[in-house]
Amino acid sequence: MERCNRTLATSGQQCQHRMEVGDFYKPRANISYNASLVLQDTRPDDAGVYQLMVQGLDMAHTMEVTLILQGTFSPLFVSSNPAHAHLNQTVLLSSSLQPPSSGWDFIHITWELISSPRNHPMLTYTLDGCTGEAQNWWERNCSISREVARVYGRRVDIQPNGALALRDVQDEDVGTYLVTVRDPEGLACVAVNLSVSRDTLAAEGLSILGIIWMVAAGAVLCLLALFLGEVGDKTPKSGQTSFFPCKVKTLGDN
């Protein structure tokens, strides 16, 4: 919207309108009269953080909106529960995956952090060329491959059942994680919210302080035991004469 008449700009009737849509979103994206984005036929790839920028002659405003998609786009079933961790601990972001049948030959799992200025792909996990029968879907005979984003390094790993293990949790790890699962019949996705607390720092501080007090108390007890042992050695036994380094003077002595 540009070149608006100042007196009637709020009505939107005296403005020239122009809209450009990226090729990837044609013809799914549109904009409403109040500048809201309308996205049709949503897909798992649409999940993430969207940025709105409004600019005028004497103003500029920016805001972010996070789109979270939770649903099933195939006979796959995926569910999850929120996760909580203490600072510097390891947390397991789990999801329950149930393939529709035993006839699948591959499953592709992607984990990414979506509640941030931009999506952060974290890990991809692929089971391919799967054959045979098994009680659990991840126990079939498959060719397994995994790829971890360099920024996470050894902090991230994946369990055989597709759960994400995040080590040494930090404040910046707080947010919403999206797991997307693909198989021959389609795909499904679900979000997992992670919260982090600092309670562990106080607990660890108390534990360390308690250990210090225990060590100090042990040292005092050891010294006391040594002292009592020395006194016991100088105590006369039955039938022995005691010799003291000091002479006691009586009234009859000169």
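Preceding this paragraph is the structure being described.
Residue indices begin from 1 for each chain and proceed along its sequence in written order. Confidence filtering applies because this is a predicted model: local features only for residues at pLDDT of at least 70, side-chain atom pairs given and counted only at 80 or more, and all residues used for totals across whole chains, interfaces and linings. Side-chain figures throughout are based on the complete set of non-hydrogen atoms in the structure, without hydrogens or water.

A.B. asks: Before we go on, may I ask you to explain the state of the cysteines in this structure?
C.D. replies: As used here, a disulfide is simply a covalent bond connecting the sulfur atoms of two cysteines. Pairs of cysteine sulfur atoms within 2.5 Å are identified as disulfides in what follows. Evaluated as defined, the whole model comprises one disulfide. Put simply, C130 and C142 are joined by a disulfide, and their sulfur atoms are 2.1 Å apart. When the S-S torsion is 125°, as for the bridge of C130 with C142, the disulfide is right-handed. Here C130, found in strand β11 (residues 120-131), pairs with C142, found in strand β12 (residues 141-148); they are 12 residues apart in sequence, far enough to count as distant. A run of DSSP states H or I qualifies as a helix once it reaches four residues; a run of E qualifies as a strand once it reaches two. Both are numbered from the N-terminal end.

A.B. asks: What am I meant to see in the nonpolar core here?
C.D. replies: Within soluble globular proteins, side chains that are nonpolar generally end up buried alongside one another. What is meant by a nonpolar core is a set of buried Ala, Val, Leu, Ile, Met, Phe, Trp, Tyr and Cys residues, joined one to another through side-chain atoms within 4.5 Å. Buried residues are those whose accessible area, probed at 1.4 Å on protein chains only, stays under 20% of the maximum for their type, while exposed residues exceed 50% and partly exposed ones sit between those limits. In terms of nonpolar packing, the biggest core is built from 33 residues, with L93, I109, W111, M122, L166 and L194 touching the most fellow members. Elements supplying a minimum of two residues to this core: β7 (83-86), β8 (91-93), β10 (106-113), β11, β13 (156-158), β14 (164-166), β15 (175-183) and β16 (186-197). Among all residues touching I109, those that are not within four sequence positions of it are L97, L123, T124, Y125, W137, I158, G162, V179, T180 and V181. It only takes one pair of heavy atoms within 4.5 Å for two residues to be counted as in contact.

A.B. asks: What am I meant to see in the sheet that holds β13 here?
C.D. replies: Either a parallel or an antiparallel arrangement is found when strands of a sheet pair, and the pairing is made through backbone hydrogen bonds. What makes two strands pair is DSSP finding at least two bridges between them. With respect to topology, three strands assemble into an open sheet ordered β8-β14-β13, the strand pairing being antiparallel. A strand with exactly one partner marks an edge of an open sheet, and here the two such strands are β8 and β13. Averaged over all pairs of adjacent strands, the angle between strand axes in this sheet comes to 25°, irrespective of strand direction. Bridge analysis of β13 against β14 gives three bridges, and the strand direction is antiparallel. Paired with V156 across the strands is L166, a residue of β14. Axis definition: a line fitted to C-alpha atoms, over the contacting stretch in the case of helices. Angles run 0 to 180 degrees between N-to-C directions.

A.B. asks: Teacher, can you tell me more about the packing of aromatic side chains here?
C.D. replies: To describe a pair of aromatic rings, one takes the distance between the centres and the angle between the planes. Aromatic pairs are defined between Phe, Tyr and Trp rings, using the six-membered ring for Trp, whenever the two ring centres lie within 6.5 Å; interplanar angles under 30 degrees are classed as stacked, those over 60 as edge-to-face, and all others as tilted. Applying the stated criterion to the full structure yields two aromatic pairs. Considering the side-chain rings of W137 and W138, the 5.6 Å spacing of their centres and the 90° angle between planes classify their relative orientation as edge-to-face. Taken together, the ring pairs connect W104, W137 and W138 into an aromatic cluster. Cation placement over rings: the criterion is NZ of Lys or CZ of Arg within 6 Å of the ring centroid and within 35° of the ring normal. Geometry around W104 places R140 over its ring, the cationic atom sitting 4.6 Å from the centre.

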